[in-house]
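# Fold and geometry: a report
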Amino acid sequence: MALPAAAQQISSEATEEIRPDEIITVVAHRQARAVSEVAGTVSVISDAELERDLVFNASDLIRYEMGVELDDSSNRFGYSGFRIRGVGGNRTAVVVDQVAIADRFAVGSFSDTGRGLLDLGLANRVEILRGPASTLYGSDALGGVVAVHTLVAEDVLTTPQHGTRVRLGFGSDADRAYGRVATALSSGQHSFLLAGAASSRAESEAQGLTEAERDPQDIEQTGALLKWQYASTYGELQLSFDALREERETQVRHSLGSGRQASTTALRGDDERYEWRSILSFNSSATQFYDRGEWRVFFQQSQTRQDSYEERGRLAQPLSIYRGFRYDYSNYGLAADLEYDTVFAGLQQRIGYGFEWSQAEVWDERDAWQFNQSTQESTKTLLGETFPLRDFPRSEISELGLYLHDEIRLWQGGPTLSPGVRYEYYDLATQQDSLFQSRYPDTEVTDLTHTAWLPKLGLLWPVSTNAEWFAQYARGYRAPPFADVNVGLYYPQFRVLAIANPDLKPERGYTFETGLRWRSIDTQLSATLYHNRFSDFIDSRAAQGFDPQRQLLIFQSVNRDQVIIEGVELRWQQQWHPNWASEFWLDYSDGEDRATGQSLPSLSPPSLLADVTYQASSGDWETRLILRAQKGQKQLYDADNAPLFAAPGYATMDWLVQWFPSHQLQLGAGVFNLTDRRYWSTAQVGNYPQDDPILPLMAAPGRHVRATLNYRF
């Protein structure tokens, strides 16, 4: 694969150690390394693989990635984030060009920001780091890191001066249409990139459902990326700007006439999300303080608007109800990742150090009104709540992380010891907020400050020139979120009150991981064992019982006891013949909530992937047959010991073809779920009751086709 631009930062000594056919990763050390140099588990999904796997969005990205799933437990709102080894949501960091994106915030059934994952049409490479990574990435990296690298001019240039790439795609599973155009210019020390992407789709065609049984939905997404680079004797300066806008219109029909919507005859959602990000970075030439360094300043903002329109026509006095939700997140900061090669006490060392400071401001607002069609009266008080209101006071979050790690080669050709530590400072400060105070005058709010030391220790031992054994211990950390520390929730009609928790502790994770990797010209083998222990998990707005003094049912976010997750990952890639290759990947994990003794709904059952590839001798085309199988999920129960939905086991096959008529043109096609099997992703349905009406809609699409066209000139 083509090495990323960041690989140019490697020292001459390090470059000699990296074989030309090895994959380069940046996420593991914040500096370029060969995967064989990493004491941990990293997946690197290159641009060629994005095209080969017909990837349109985040769900497609991890389709063939074992141990990684997508949190998407709603058919209306966007993706909630990635789940790595059973840990997901805001506990897994997502960074775009080394800048972390906003966390998800959700309240009730009509407000959910999702994570706003960047359109992958603007990405050139995605890296996934498994396990706690807070030593380098601070809070929110409790489960791991997904790092998205956007296109740069070098990815698009076909001549030294200019180049253009066009990508088009279509998928029958949800009437998907996709397009991207990227063009780049280079002249002397300057280069410029301009890229745009657009996609549209309808509701996913879950297997076994007719059109009348689905929730009609239209989703439109547009994205833009601009980059300017200037190369000088002092280093490379880069200014980038990316923006994404997503619009969703949904007719929610699956829940009408049941539960809380027993009297509802129509429900429509009109949602929009807009985000943009600007990064100024400088890849510095060597100085007396470091050999390689990247400095960056960034600013980003995301805004969410969600409107819900409901008709309750089954009531004696029919009602029309409107609910509106607004959420605004802005974040700016300064960071540096530096590295220095030295010899100390006769030992070769690569010392990495850096910092990241950021400040974020966040607020939300909910509005609503209710119109009585019989009396022609309207009110802004629903279920005892008077609108508009906020769910938490306007908040400001300041974070500072200082990290230091070293890679110490104990002797030539021998093991490398890699200790590291991070100091993390987290400060949550509430702002003066007259709207919050007027709605919740008796609610106490609190500011919060936490500090933490986050160590890690890795060992990489070359067994031979083609194999290495690794082991690592790492500590993860997640500061208490603003919405858990301070919350405004009061339903007088139901006698419900949520209160703040100034004593909320940070979540912590401890991982022990070991593995063996071996490779030859035709074979790659890897085996990994891991044991993750998490403590003080935050249970948001947990029921605390009835307060006889207030005569209210109290809810409060609290810390829970330990959670244990263990697993094994086995992967074997084999080139049997110049035309034939195969891959086998097995993932097994098990976990337990020590407080309840129950299995974890966030963990997926054992699963495997088998891939057989044939490539024509001419290199003009290739075809792949891919089997994905998973065991049925264990029976799970909620807090009241009621059974939850347990996704049944399944085996499904995909058939993909790539054709290269010329060096400029690439055509791809695929038939997915060849057996038209009905199955569910456990990450999406793990917490639903057995009879929840949304379950049929959450099933994976039945048999469907996709096609792509990639053209370079």
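Read on for a plain summary of the structure. Sequence order as written defines the numbering, with residues in each chain counted from 1. Reporting of local features is limited, given that this is a predicted model, to residues whose pLDDT is at least 70; pairs of side-chain atoms are given and counted only at 80 or more, and all residues count toward the totals for whole chains, interfaces and linings. With hydrogens and water set aside, each side-chain value is computed from the structure's full complement of heavy atoms.

### Re the pairing of strand β18 (residues 292-312)
Formally: Two strands are said to pair when DSSP picks up at least two bridges between them. What counts as a helix is a DSSP run of H or I of at least four residues, what counts as a strand is a run of E of at least two, and both are numbered from the N terminus.
In this structure, strand β17 (residues 266-284) lies alongside β18, joined through 19 bridges in antiparallel fashion. For R277, the partnering residue across the bridge sits in β18 and is Q300. Judged from the 21 bridges that link them, β18 and strand β19 (residues 319-344) form a sheet pairing that is antiparallel. Residue pairing in the sheet places W295 in a bridge with A336 of β19. In sequence, β18 turns back onto β19 through a hairpin of 6 residues.

### Observations regarding the sheet that holds strand β29 (residues 496-499)
Definition in use: Fitted lines through C-alpha atoms give the axes, limited to the stretch in contact for helices. The angle between two N-to-C directions lies from 0 to 180 degrees.
One open sheet holds the 4 strands; their spatial order is β28-β29-β33-β32, and the pairing between them is mixed. Edge positions in the sheet fall to β28 (489-491) and β32 (537-547), since each of these pairs with one other strand and no more. Here the strands of the sheet are splayed against their neighbours by 25 degrees on average, with no regard to which way each runs. Summarising the sheet, β32 and strand β33 (residues 552-560) pair through 8 bridges and their orientation is antiparallel. When the sheet's bridge partners are listed, G545 is paired in β33 with I554.

### Focus: the packing of aromatic side chains
For clarity, the threshold we go by: Only rings of Phe, Tyr and Trp enter the pairing, Trp through its six-membered ring, and a pair is recorded when the two centres are within 6.5 Å. The plane angle decides the type: under 30 degrees is stacked, over 60 is edge-to-face, the rest tilted. Sitting over a ring, as applied to charges here, requires NZ of Lys or CZ of Arg to be within 6 Å of the ring centre and within 35 degrees of the ring normal.
Summed over all chains, the structure comprises 26 aromatic pairs. Relative to Y440, the ring of F436 lies with its centre 5.2 Å away and its plane at 50 degrees, an arrangement referred to as tilted. Ring geometry for Y711 versus F713: centroids 5.4 Å apart, planes at 35 degrees, classification tilted. Pairwise contacts between aromatic rings join F105, F325, Y327, F392 and F482 into one cluster. Taking the ring centre of Y530 as reference, the NZ or CZ of R85 above it sits at 4.1 Å. Above the ring of F56, the side-chain terminus of R706 is found at 4.8 Å from the ring centroid.

### Remarks on the side chain of N372
Rule in force here: Relative accessibility under 20% of the residue-type maximum defines a buried residue, over 50% an exposed one, and the middle range a partly exposed one, all with a 1.4 Å probe and only protein chains included. Contacts described as polar in this section are N or O atom pairs within 3.5 Å, which, within protein, must combine one atom able to donate a hydrogen with one able to accept it, while residues neighboring in sequence count only if both atoms come from side chains. Whether two residues touch is decided by their heavy atoms; if any such pair falls within 4.5 Å, the residues are in contact.
Structurally, the position occupied by N372 is in strand β20 (residues 347-372). The buried category is assigned to N372, whose relative accessible area is 12%. In this structure the side chain of N372 is engaged in a polar contact, spanning 3.1 Å, whose partner is the backbone nitrogen of T375. With near-sequence residues (within four places) excluded, N372 lies in contact with Q317, P318, L319 and E377.

### Concerning the environment of S662
For S662, the position within the fold is in the loop between β39 (650-659) and β40 (665-672). We classify S662 as partly exposed; its relative accessible area is 32%. Along the primary structure S662 and D620 are separated by 42 residues, whereas in three dimensions their C-alpha atoms are 8.0 Å apart. At 3.3 Å, the side chain of S662 and the backbone nitrogen of L665 are in polar contact.

### Some points on unusual backbone geometry
Following F387, the chain continues into P388 via a peptide bond in cis, with omega recorded as 0 degrees. Along the polypeptide, P388 turns up in the loop between β23 (385-386) and β24 (395-409). Positive phi, close to 80 degrees, is recorded for D140, a residue that is not glycine. Inspection of the secondary structure assignment puts D140 in the loop between α4 (134-137) and β11 (144-150). Taking the relative accessible area as the measure of exposure, D140 reaches 19% and is therefore buried. Residue D536 is not a glycine yet carries a positive backbone phi of 60 degrees. With respect to the secondary-structure elements, D536 resides in the loop between β31 (523-535) and β32.

### With respect to the nonpolar core
Note the following rule: Nonpolar cores are built from buried Ala, Val, Leu, Ile, Met, Phe, Trp, Tyr and Cys residues. Side-chain atoms within 4.5 Å join them into one set.
Judged by nonpolar contacts, the single largest core of 22 residues is most densely connected at F105, Y327, V362, I397, L428 and F482. Breaking this core down by element, the ones donating at least two residues are β19, β20, β25 (416-430), β26 (448-464) and α7 (482-485). Discounting residues that sit within four places of it in the chain, F105 has contacts with S111, D112, T113, F325, Y327, D364, D391, F392, F482, A483 and R541. Within the second largest apolar cluster, 19 residues are counted, among which are I62, Y79, I84 and V94.

### A word on empty space enclosed by the protein
To locate leftover empty space, one rolls a probe as large as a water molecule over the atoms. The line we're drawing: A cavity here means a set of points on a 1 Å grid, drawn over the protein atoms and nothing else, where a 1.4 Å probe fits but cannot get out; a pocket is an open set with protein on both sides within 12 Å along at least five of seven lines, and a residue lines either one if it has an atom within 4 Å of a point. Grid points are joined across faces, edges and corners, and a volume is the space filled by probe spheres set on the points.
This structure, assessed with the given rule, holds 8 cavities of 30 Å³ or more. Looking at the largest cavity, its volume works out to about 1,000 Å³. Along its surface, the largest cavity is lined by 44 residues, and S59, S681, Q684, A700 and P701 are the ones closest to its centre. When contributions to the lining of the largest cavity are tallied by element, the ones reaching two or more residues are α3 (58-61), β4 (68-71), β38 (621-630), β39, α8 (682-685) and β41 (704-712).

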